[in-house]
Amino acid sequence: NTAETTTHLIEGLGTDIIPPITDFSNVDEIVSVSDKDSIDTCKRLALEEGIFAGASSGTSAFLALQAAKELDENAVVVFIVCDTGERYLSKYHNAEWVKENLK
């Protein structure tokens, strides 16, 4: 019951890390998010919200923003910031690295 995935620049995404206790019967939907959308959104979190996070948090935020578009103005959307941007100063928060790797 796994979805077809591609490799990502972002650690922790894709099929390379699926814990053995994963129960796909509890999963409603698997959504693919591009590296670019993940990295752009982690940068938006820092610039617009003051949340210094990594790209996997950017992925969560991107999906939360997409889900919010389908909901009414009274809905509440929650996502978890699952990493810190400090570990990624030389990667996702580095303009040269992004330019070289997101071609």
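Predicted, not measured: the structure shown is a model, and the values here were computed from it.

(A) How the structure looks around helix H1 (residues 35-49). Taking 1.5 Å of rise per residue, the 15 residues of H1 would be expected to cover 21 Å, and the 20 Å separating its terminal C-alpha atoms lies within 8% of that figure. The set of residues buried in H1 consists of Asp35, Ser38, Ile39, Thr41, Cys42 and Leu45. Axial view of H1: buried residues confined to an arc of 165 degrees, hence all on one face. Looking at the buried side of H1, the elements it contacts are helix H2 (55-69) and helix H3 (95-101). Directly beyond the C-terminal end of H1, a positive phi value near 70 degrees is found at glycine 50.

(B) A look at the packing of aromatic side chains. This structure, assessed with the given rule, holds two aromatic pairs. A ring pair is formed by tyrosine 88 and tyrosine 92, whose centres lie 4.9 Å apart and whose planes are at 35 degrees; its orientation type is tilted. With a relative accessible area of 1%, tyrosine 92 lands in the buried category. On the basis of an interplanar angle of 80 degrees and a centroid distance of 5.4 Å, the ring pair of tyrosine 92 and tryptophan 97 is categorised as edge-to-face. For tryptophan 97, a relative accessible area of 16% puts it in the buried group. The rings of Tyr88, Tyr92 and Trp97 are connected pair by pair, giving a single aromatic cluster.

(C) Representation of the nonpolar core. Listed in full, the eight residues of the largest apolar core are Ile10, Ile39, Cys42, Ala55, Tyr88, Tyr92, Trp97 and Val98. Residue contacts for alanine 55: discarding those within four places in its chain leaves Ile10, Ser38, Ile39, Cys42, Asp83 and Tyr92.

(D) Region of interest: the packing of H1 against H2. Two elements in contact, H1 and H2, have axes whose closest approach is 7 Å; the angle formed by their N-to-C orientations is 90 degrees. One element, H1, and the other, H2, form an angle in the roughly perpendicular class. Taken together, the residues of H2 that come into contact with H1 (itself represented by Asp37, Ser38, Ile39, Thr41, Cys42, Arg44 and Leu45) are Ala55, Ser57, Gly58, Thr59, Ala61, Phe62 and Leu65. Looking at side-chain class alone, the contact of H1 with H2 contains seven nonpolar, five polar and two charged residues.

(E) Looking closely at H2. Relative to the 21 Å expected for 15 residues at 1.5 Å per residue, H2 spans 21 Å between its end C-alpha atoms, a close match to the ideal helical length. The complete set of buried residues in H2 reads Ala55, Ser56, Ser57, Gly58, Thr59, Ala61, Phe62 and Ala64. Close packing links the buried residues of H2 with H1.

What counts and how
- Residues numbered from 1 in each chain as written.
- Predicted model: local features only at pLDDT ≥ 70, side-chain atom pairs only at ≥ 80, totals over all residues.
- Heavy atoms only, no water.
- Helix = DSSP H or I, 4+ residues; strand = E, 2+ residues; numbered from the N terminus.
- Expected span 1.5 Å × (residues − 1).
- Buried < 20%, exposed > 50% of the residue type's maximum accessible area, 1.4 Å probe, protein only.
- Arc of directions from axis to C-beta.
- Contact = heavy atoms within 4.5 Å.
- Phe/Tyr/Trp six-rings, centres within 6.5 Å; stacked < 30°, edge-to-face > 60°.
- Core = buried A, V, L, I, M, F, W, Y, C linked by side-chain atoms within 4.5 Å.
- Axes fitted to C-alpha atoms, helices over the stretch in contact; angles between N-to-C directions.
- Parallel < 35°, antiparallel > 145°, perpendicular 65-115°, else oblique.
- Nonpolar A, V, L, I, M, F, W, Y, C, P; charged D, E, K, R; others polar.

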